[in-house]
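Close look at the chain arrangement
What follows is each chain in one-letter form.
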Amino acid sequence: MTAASDLTIGVLLPDVLGTYSDSGNAVVLAQRARWRGIGARVEHITAAAPPPTSCDIYLLGGGEDTAQGFAVDWLRRHPGLCRVLAGPGLTFGVCAGLQILGHTLTDLQGRRHDGVGLLDLSTSPGRRRIVGEVVTRCVIPGVGLVTGFANHRGATTLGPSARPLGRVVSGTGNDARSARRDAVDGAVGENVIGTYLHGPVLARNPALADHLLERVTGVSFAGTGEPDVPDLPALRASYLARARRRLGGAPIAGGEGR
Ligand code: GLN
């Protein structure tokens, strides 16, 4: 990104991947950049056209096994794009997007397929599907706790040159085998970051979104606030407190009564 140009966010294969609205991550990045006076543009990079290699950030969403198989084949047919995904671009993958970025993916029949090889990790089917809310403590300084929703059968093992993105505080991480104290989510390479968490995860975790933006813009987002955005958690707490009083302290359906 140059001072004169807009930040460009490329959503890779939104026609194939994007479980749980993962492409919303692009909307979050673009809006948070604009709030800081940085122009931002989202490009939807579909399978039909040759992909641009000039985006600052590339996003890969989640998807079912067949969709991710298609995505790996497509990416491997575009080696110029893959080189950019490794850097200078910053790549952020979610779930299938994380798995695709690794060395290998083993399918339910035990066949091993090559991934894109940008993260030092491999994925093979776990014994059970991992579904549910997850909280992690992010290893990136300043990001803090990260929350998201996981739904995957693949179990991912990190190699020595990938660091986890977060240490699991609750829920299940990259695989269901690890003991709680060793459980981790996602992976971090030099210019490539992945997580199992949907949400969209950057909508649920603005500090993680700002970390990605800081990396590509060189601008510090710390303490700049969010213009025009009401304090939603505070509003929600006040509504719930009012509802609780109306109900005479009875728990509210959905576990909000605490
Ligand atoms: N198909 C992959 C799995 O189940 C990824 C799922 C997803 O992206 N939600 O492991």
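Below is a short write-up of the structure. Please read all numbers here as calculations on a predicted model, not as lab measurements. (Residues numbered from 1 in each chain as written. Predicted model: local features only at pLDDT ≥ 70, side-chain atom pairs only at ≥ 80, totals over all residues. Heavy atoms only, no water.)

Another aspect to go through is the overall build of the chain. On a plain count of helices and strands, the chain comes out with seven helices and 12 strands. Its C-alpha atoms put the chain at 60 × 50 × 30 Å along the principal axes. Within the span of the chain, comprising 258 residues, buried residues form 46% of the whole. Contacts spanning at least 24 positions in sequence make up 67% of the contacts within the chain whose residues lie at least 6 apart. Total accessible area on the chain stands at roughly 12,500 Å², and carbon and sulfur atoms take up 53% of it. Averaging the positions of the 27 positive and the 22 negative side-chain charges in the chain gives two centres separated by 8 Å. (Helix = DSSP H or I, 4+ residues; strand = E, 2+ residues; numbered from the N terminus. Buried < 20%, exposed > 50% of the residue type's maximum accessible area, 1.4 Å probe, protein only. Contact = heavy atoms within 4.5 Å. Areas by Shrake-Rupley, 256 points an atom, 1.4 Å probe, with all protein chains shown as cover. Lys, Arg positive; Asp, Glu negative; His and termini not counted. Charge placed at Lys NZ, Arg CZ, Asp CG, Glu CD.)

So, on to the site of the ligand. By nearness alone, 14 residues border the ligand, and G63, D65, C95, N151 and G154 come closest of all. Here an oxygen atom of the ligand sits 2.9 Å away from a polar atom, N or O, in the main chain of G63. Taking N151, its main chain carries an N or O atom lying 2.9 Å from a nitrogen atom of the ligand. Protein coverage of the free-state accessible area of the ligand, which is 300 Å², stands at 95%. Going through the elements one at a time, α2 (65–76), α4 (96–100) and β8 (145–158) are the ones with two or more residues in the shell around the ligand. Among the elements that line the shell around the ligand, the one with the most residues is β8, at four residues. (Near = heavy atom within 4 Å. Polar contact = N/O pair within 3.5 Å; in protein donor to acceptor, adjacent residues only side chain to side chain.)

Here the focus is the pairing of strand β12 (residues 192–195). Burial along β12 is two-sided: V192 and G194 facing one way and I193 and T195 facing the other are all buried. Taken together, the four bridges between strand β4 (residues 90–94) and β12 define a ladder with parallel strand orientation. Within the sheet, the bridge partner assigned to F92 lies in β12 and is I193. Where strand β11 (residues 187–188) meets β12, two bridges bridge the pair, whose relative direction is antiparallel. Bridge pairing in β12 links A187 to G194. (Pairing = 2+ DSSP bridges.)

Tracing the backbone through its elements, the reader meets A203 in helix α5 (residues 201–204). Residues A203 and G144 lie 59 residues apart in sequence; the distance between their C-alpha atoms is 15 Å. Leaving out residues up to four positions away in the same chain, A203 has contacts with N25 and V28.

The next thing to look at is the nonpolar core. The nonpolar side chains of a soluble globular protein tend to be buried with one another. By size, the foremost hydrophobic cluster in this structure holds 63 residues, and its most contacted members are L29, L75, F92 and L202. Leave out the neighbours within four places in its chain, and L202 touches N25, V28, L29, F92, L208, A209 and L212. (Core = buried A, V, L, I, M, F, W, Y, C linked by side-chain atoms within 4.5 Å.)

What the rule picks out here adds up to zero disulfides. Looking at C55, it has no disulfide partner, and the nearest cysteine sulfur is the one in C82, 14 Å off. For C55, a relative accessible area of 4% gives the class buried. Accessibility expressed as a relative area gives 11% for C82, which makes it buried. (Disulfide = S-S within 2.5 Å.)

Moving on: helix α1 (residues 24–35). If you check α1, its first and last C-alpha atoms are 17 Å apart, about what 12 residues at 1.5 Å a residue would give, namely 16 Å. Along α1, the residues that are buried comprise G24, N25, A26, V28, L29, A30, R32 and A33. In this structure, the buried side of α1 is in contact with β1 (7–12), β2 (40–45), β3 (57–60), β4, α5 and α6 (206–217). G37, located one to two residues past α1, shows a positive phi value of around 80 degrees. (Expected span 1.5 Å × (residues − 1).)

Either a parallel or an antiparallel arrangement is found when strands of a sheet pair, and the pairing is made through backbone hydrogen bonds. Spatially, β2-β1-β3-β4-β12-β11 is the arrangement adopted by the six strands of the open sheet, whose pairing is mixed. A single partner strand is all that each edge strand has here, and the edge strands are β2 and β11.

With that settled, the discussion passes to the pairing of β4. Two faces belong to every sheet, and in a regular strand the side chains alternate between them. Most of β4 sits inside the fold, with five of its five residues counted as buried. Burial along β4 is two-sided: L90, F92 and V94 and T91 and G93, pointing in opposite directions, are all buried.

This part takes up the packing of α1 against α6. Angle between the axes and distance between the axes: these two values describe a pair of packed helices. Axis separation between α1 and α6 bottoms out at 10 Å; the angle between their running directions is 70 degrees. In terms of their interaxial angle, α1 and α6 are classed as roughly perpendicular. When α1 is examined against α6, the residues V28, L29, R32 and A33 are found in contact with a partner set consisting of P206, A209, D210, L212 and L213. Grouping the amino acids of the contact of α1 with α6 by side-chain chemistry returns seven nonpolar, no polar and two charged. (Axes fitted to C-alpha atoms, helices over the stretch in contact; angles between N-to-C directions. Parallel < 35°, antiparallel > 145°, perpendicular 65-115°, else oblique. Nonpolar A, V, L, I, M, F, W, Y, C, P; charged D, E, K, R; others polar.)

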